[in-house]
Amino acid sequence: MANPLSPDALVSALRAEGVTVVERAGWRTNNRNHKGSWGPVNGVVVHHTVTSGTADSVSLCFAGHSALPGPLCHGVIAKDGTVHLVGNGRANHAGSGDGDVLKAVIAEKALPAPNENDTDGNVHFYGFECVNLGDGKDPWPAVQLEAMVRASAALCRAHGWSAASVIGHKEWTNTKIDPRGFGMADFRARVAARLRKPTTPSTGTGTGTGTGTGTPRYQPFPGAAWFRKNPKSAVVTALGKRLIAVGCSAYTSGPGPQWTEADRLSYAKWQRKLGYTGSAADGWPGATSWAALKVPYSS
Ligand SMILES: [Zn+2]
C-alpha cells in the first residue's frame, strides 16, 4: 500500500530506470478522480492496446472514447520503447477484477486465477498500455519489452515493491486476454532481475550525474548539522531524486529544494536499506550513508 507518486516523482523514477519519457500535454491533470478513488496504490497492470501507431494510440489513451472516457492508462509504451505519459490519477484501465488477486498482489504472493469481478482495479493499479494489435501475430520488439520491464521496475522501486506487484490485465480479470504474446511469469522474472541492479539513468535527462564522459562528480556530505538547519537547496532536490531512484521514497509530492519530513522519512528508508536500525536509521543523514547514496553534484 502506498500513496500514488506525484507527477514529478513518476517522471524521475522512470528516467532513473533508463526509460525515455515523453510527456503528453495535459497529462498531469488528466484523470478520473471525480469518479472515484485513486490510491492507495498496490501494483502495476500491463495491457496491450489493440491499436497500431504511436500517435493514434497515445491520443486514444489520453482522451478515451464515447463508451470509455480517458485516460485509459498512465503511460503508453510505444513499439520504439518510448513511454508517453497520458494520465496522472485514476484511469479507466483495470476495471473490475478479482479481490483475491488484489490480496495476493498486496501480499506479493503467487496469483490465484481470477474468477470473480468484485473489486475496482482503477483505485489500486498503475496501468501501462503497450502498443500491440493483440492478435498473437503482431511482434513485441525487444526495445519495447525492455521499456515495459523498466517502466514496471521503476514503479516497484519507487514504492519498495517486488516484481510480484506487476500483473497482466488477464491476471486481474477473466474477462480480458491482454497482454498477449509473452508470458507474465517471464516478464516478472525480468522485472525482478532489473530490480536487483542499480538504476542506470538515461542520458540527457538532467540528472546531473557528472561531466559527460568524465568520472561522475558527487555532492560532498554537507554535514549532519546542515540538515538540522531546515535547508532549502538544490542539494536537497538532488538527494530526493537519488532516494526515489534507489526505491526509498516517502514522497507524496516533490522532491523539492526545501528539506521536509518526507525527505527525512525517505532517508530513513535508505538507512534501513543499508542495514541501519534504531537511532542510526532516524532519517538524519550521516557521512557513510551519504557517500553510499552517490548524490550528484549540484552546487
Ligand atoms: Zn487491458
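Scroll up to find the structure this text is about.
Here is a short report on the structure shown in this document. As the structure is a prediction and not an experimental result, all values here were calculated from the model.

Let us look at the sheet that holds strand E5 (residues 75–77). Ordered by their spatial adjacency, six strands build an open sheet running E1-E6-E5-E9-E2-E10, and the pairing between neighbours is mixed. Across the chains shown, the open sheet's two edge strands, defined by having one partner strand only, are strand E1 (21–23) and strand E10 (166–168). Averaged over neighbouring strand pairs, the angle between their axes works out to 25 degrees when direction is ignored. One ladder, built from six bridges, connects strand E2 (residues 43–48) with strand E9 (residues 125–130); its direction is parallel. Of the residues in E9, the one forming a bridge with Val46 is Phe128. Along the sheet face, helix H7 (residues 184–195) touches E2 and E10 and points at about 160 degrees away from the line of E10.

With that settled, the discussion passes to the pairing of E2. Along E2, six of the six residues are buried, which leaves the element largely enclosed by surrounding structure. Along E2, one buried face is formed by Gly43, Val45 and His47 and the opposite face, lined by Val44, Val46 and His48, is buried too. Bridge count for E2 against E10 is three bridges, and the pairing is parallel. Within E10, the position partnered with Val45 by the bridge is Ile167.

Take unusual backbone geometry next. A cis amide bond, omega 0 degrees, links Gly39 with the succeeding residue Pro40. With respect to the helices and strands, the residue Pro40 is situated in the loop between E1 and E2. Of note, the amide linkage connecting Gly70 to Pro71 takes the cis form, showing an omega dihedral of 0 degrees. For Glu108, which is not glycine, the phi torsion reads 55 degrees and is therefore positive. The exposure class of Glu108 is partly exposed, given its relative accessible area of 30%.

As a further point, take helix H1 (residues 7–16). Buried residues dominate H1, accounting for eight of its ten residues. Turning to H1, its buried residues are Pro7, Ala9, Leu10, Val11, Ser12, Ala13, Leu14 and Ala16. Of the residues one or two after H1, Gly18 is the one with positive phi, at around 85 degrees.

Here His84 is to be found in strand E6 (residues 83–85). Among the polar contacts listed, one links the side chain of His84 to the side chain of Thr82, at a separation of 2.9 Å. If we skip the residues at most four places from it in the chain, His84 touches Val22, Thr54, Val58, His74, Gly75, Val76 and Ala78.

Our next topic: the coordination of the zinc ion. Around a metal, the perfect tetrahedron of four donors has angles of 109.5 degrees, and the perfect octahedron of six donors has angles of 90 or 180 degrees. Protein-derived ligands of the zinc ion are His47 (ND1), His169 (ND1) and Asp178 (OD), with the metal-ligand distances lying across 2.1 Å. Donor residues for the zinc ion, ordered by position in the chain, follow H-x121-H-x8-D.

Quick look at H7 now. Taking 1.5 Å as the rise per residue, H7 with twelve residues should run 16 Å; its terminal C-alpha atoms sit 16 Å apart, in good agreement. Within H7 the residues assigned to the buried category are Met184, Phe187, Arg188, Val191 and Arg194. Along H7, the residues classed as buried sweep out an arc of 115 degrees about the axis, all on the same side. Turned more than 90 degrees away from the buried face of H7, the exposed residues are Ala185 and Asp186. In this structure, the buried residues of H7 make contact with E2, helix H5 (142–159), E10 and helix H6 (169–172).

Within the element layout of this structure, Asn42 appears in the loop between E1 and E2. Sequence separation between Asn42 and Ala2 is 40 residues, and the spatial gap between their C-alpha atoms is 6.6 Å.

Rules behind the numbers
Residues numbered from 1 in each chain as written. Predicted model: local features only at pLDDT ≥ 70, side-chain atom pairs only at ≥ 80, totals over all residues. Heavy atoms only, no water. Pairing = 2+ DSSP bridges. Helix = DSSP H or I, 4+ residues; strand = E, 2+ residues; numbered from the N terminus. Axes fitted to C-alpha atoms, helices over the stretch in contact; angles between N-to-C directions. Contact = heavy atoms within 4.5 Å. Buried < 20%, exposed > 50% of the residue type's maximum accessible area, 1.4 Å probe, protein only. Polar contact = N/O pair within 3.5 Å; in protein donor to acceptor, adjacent residues only side chain to side chain. Donors = N, O, S within 2.8 Å, 3.2 Å for Na, K, Ca; no water. Expected span 1.5 Å × (residues − 1). Arc of directions from axis to C-beta.

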